[in-house]
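Topology and contacts: notes
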Amino acid sequence: MSSLVQGLIKSLAMTVLSEVGDNTFFATVILAMRHPRRPVLLGCLASLSVMTVLSALVGWATPNLISHKWAHHITTLLFFVFGLWSLWDGIKDDGDDDEFTEVEGKLDAELNSDKGTTKKKSKDDDELKRQKRPFLSQFFSPIFLKAFSVTFFGEWGDKSQLATIGLAADENPFGVVLGGIIGQALCTVAAVLGGKSLASRISEKIVALSGGVLFIVFGIQSFLSTVES
């Protein structure tokens, strides 16, 4: 199997199991329920694609900063750590916590805060408002920008981002980017089209346990490749 295909398959599998049932997955569902689906879908996809490329670039640059051998050892360790972390999350999940409701509450709080700020501002002339609009909002719709920002900052520092960095340091970065973007696209389309009915059927426990097993398998494979070499 070529390194490109191997990186693609690993990245695709890791992304799907990491993102389904994630906070950003539920946030996408909620945004798609409240706003037109197209700008939400495009905003989330753009954000996740940018995040995937940035993470892969960091991973690709890592072996240039430290030896490839150490980069491989660190990646192997990360796979085991993330695997055990995910397994622990799945084991301790008793099924009582409703993450969807929690994310919905956070978005509502943010929306109410924005409304409160808006009410305090005096009404300006339409032309003046247009001139004072942020630079990006002159080219993109507010819904697109909201979906982009909510997803981007929700993913920043997330387990899947760190895993993508580690994977790109050890596998073909082009395969990692391609697999990551395909996986993100599948999850985002499912969240936008499936809505709350799909989100309510997702077992966070099963997703966490499956992700944990996958990370452990990647870790074992990475460790065995070190021994063989």
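Read on for an overview of the structure. Everything numeric here is computed off the predicted structure, so don't read it as measured data.

1. A short note on the packing of aromatic side chains
In this structure the tally under the stated criterion is 9 aromatic pairs. With 6.0 Å between their ring centres and 5° between their planes, Phe148 and Phe152 make a pair best called stacked. Within this pair, Phe148 and its partner Phe152 are both found in helix 7 (residues 142-155), separated by 4 residues, close to a single helical turn. One aromatic cluster in this structure is built from Phe79, Phe82, Trp85, Phe215 and Phe218. The aromatic ring of Phe218 is capped on one face by Lys10, whose charged end is 5.4 Å from the ring centroid.

2. Considerations on the pattern of salt bridges
By the definition in use, this model includes 2 salt bridges. With a closest N to O distance of 2.9 Å, Lys10 and Glu171 form a salt bridge. Of this pair, Lys10 sits in helix 1 (residues 3-19) while Glu171 sits in the loop between helix 8 (159-170) and helix 9 (173-201), and the two are 161 residues apart along the sequence. For the pair Lys10 and Glu171, one class covers both residues: buried. Between Asp89 and Lys92 there is a salt bridge, with its nearest N and O atoms 3.9 Å apart. Pair noted here: Asp89 and Lys92 are both in helix 4 (residues 68-92), with a separation of 3 residues, about one helical turn. Looking at Asp89, the relative accessible area reads 26%, which means it is partly exposed.

3. Some thoughts on the environment of Pro63
Counting through the fold element by element, Pro63 comes out in helix 3 (residues 37-65). Put simply, Pro63 and Asp170 are 107 residues apart on the chain and 8.5 Å apart in space, counted from C-alpha to C-alpha.

4. Examining the packing of helix 2 (residues 23-34) against helix 3
Where helix 2 contacts helix 3, the two axes come as close as 8 Å, and the packing angle between them is 155°. The orientation of helix 2 relative to helix 3 falls into the category roughly antiparallel. In this structure, the crossing between helix 2 and helix 3 has a hand that is right-handed. Across the interface between the two elements, Thr28, Leu31 and Ala32 from helix 2 touch Arg37, Val40 and Cys44 from helix 3. For the contact of helix 2 with helix 3, the residue count by class is 4 nonpolar, 1 polar and 1 charged.

Calculation notes
- Residues numbered from 1 in each chain as written.
- Predicted model: local features only at pLDDT ≥ 70, side-chain atom pairs only at ≥ 80, totals over all residues.
- Heavy atoms only, no water.
- Phe/Tyr/Trp six-rings, centres within 6.5 Å; stacked < 30°, edge-to-face > 60°.
- Helix = DSSP H or I, 4+ residues; strand = E, 2+ residues; numbered from the N terminus.
- Lys NZ or Arg CZ within 6 Å of the ring centre and 35° of its normal.
- Salt bridge = Lys/Arg side-chain N within 4 Å of Asp/Glu carboxyl O.
- Buried < 20%, exposed > 50% of the residue type's maximum accessible area, 1.4 Å probe, protein only.
- Axes fitted to C-alpha atoms, helices over the stretch in contact; angles between N-to-C directions.
- Parallel < 35°, antiparallel > 145°, perpendicular 65-115°, else oblique.
- Left-handed = near helix turned anticlockwise from the far one by under 90°.
- Contact = heavy atoms within 4.5 Å.
- Nonpolar A, V, L, I, M, F, W, Y, C, P; charged D, E, K, R; others polar.

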